Structure formats: C-alpha cells, structure tokens
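Architecture at a glance
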Amino acid sequence: TLTKERAAFKTELTDNQFILEIWDCPSIGHLEEPYEHYCNHCDVMYRAIFEPLGYDYKIKVLGKGVCQITIKKVS
C-alpha cells in the first residue's frame, strides 16, 4: 500500500533480511492532530505477525513519519 499511498520509501531484500526505510509516511498526514506515539502501532502489529514465524523484527522510529524496519530470519 505504500506505493498507492505515495509514501517516500526504499526497500532492500537480501538472502536473510528485508529492510524498509520510510522517509514520509502518508498515514501521519491523515491525522487531524499530531500524536507522538502513532508510529508504535506498526511495531505492535508487524511484530505480532513476524516473530511467531521465526523472524527477528526491529523498528527504529525517528518521528514525523520517518522509520526503518528490519526483518531477519532467525537461524
């Protein structure tokens, strides 16, 4: 959906990891008022999906719609 929402992002896929960098998350722009913890929903939602499947999930939230998500297969 990032492409449809016209997000500014980059992805990188290697043999054992996926990295998603978002520089301009359009979801932030839909908020009527700024909410400091809005980006935490991605951490909760995607961690619950990937960790039970054997992946290590890390997110760096830098604020204002900027983040980096790294998903790695656990050996």
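Residues numbered from 1 in each chain as written. Predicted model: local features only at pLDDT ≥ 70, side-chain atom pairs only at ≥ 80, totals over all residues. Heavy atoms only, no water.

Before going further, it helps to spend a moment on the overall build of the protein chain. Across its full length, the protein chain holds 2 helices and 4 strands. Listed by position from the N terminus, the elements making up the protein chain come as β-β-α-α-β-β. Counting across all 75 residues of the protein chain, residues that qualify as buried make up 21%. A fraction of 28% describes how many contacts in the protein chain between residues 6 or more apart in sequence connect residues 24 or more apart. Of the roughly 5900 Å² that the protein chain leaves accessible, carbon and sulfur atoms contribute 55%. (Helix = DSSP H or I, 4+ residues; strand = E, 2+ residues; numbered from the N terminus. Buried < 20%, exposed > 50% of the residue type's maximum accessible area, 1.4 Å probe, protein only. Contact = heavy atoms within 4.5 Å. Areas by Shrake-Rupley, 256 points an atom, 1.4 Å probe, with all protein chains shown as cover.)

This part is about the environment of R47. Here R47 shows up in helix 2 (residues 40–50). Between the C-alpha atom of R47 and that of I59, which follows or precedes it by 12 residues, the distance is 9.2 Å. Apart from residues no more than four positions distant in its own chain, R47 is found in contact with C42, P52 and Y57. In terms of polar contacts, R47 uses its side chain to reach the side chain of D43, at 2.8 Å. Only 3.1 Å separates the side chain of R47 from the backbone oxygen of Y57, close enough to count as a polar contact. (Polar contact = N/O pair within 3.5 Å; in protein donor to acceptor, adjacent residues only side chain to side chain.)

On the secondary structure map, C67 appears in strand 4 (residues 66–73). The buried category is assigned to C67, whose relative accessible area is 13%. In this structure, the C-alpha to C-alpha distance between C67 and W23, residues 44 residues apart in sequence, is 6.8 Å. Residue contacts for C67: discarding those within four places in its chain leaves L20, E21, I22, K60, V61 and L62.

Moving on, we come to the packing of aromatic side chains. In this structure the tally under the stated criterion is 1 aromatic pair. Between F50 and Y55, the aromatic rings sit 5.9 Å apart at their centres with planes inclined by 85°, giving edge-to-face as the arrangement. Under the relative-accessibility criterion, Y55 is labelled partly exposed at 30%. For the cation-ring pair, K73 lies above Y55, with the distance from its terminal atom to the ring centre recorded as 4.7 Å. (Phe/Tyr/Trp six-rings, centres within 6.5 Å; stacked < 30°, edge-to-face > 60°. Lys NZ or Arg CZ within 6 Å of the ring centre and 35° of its normal.)

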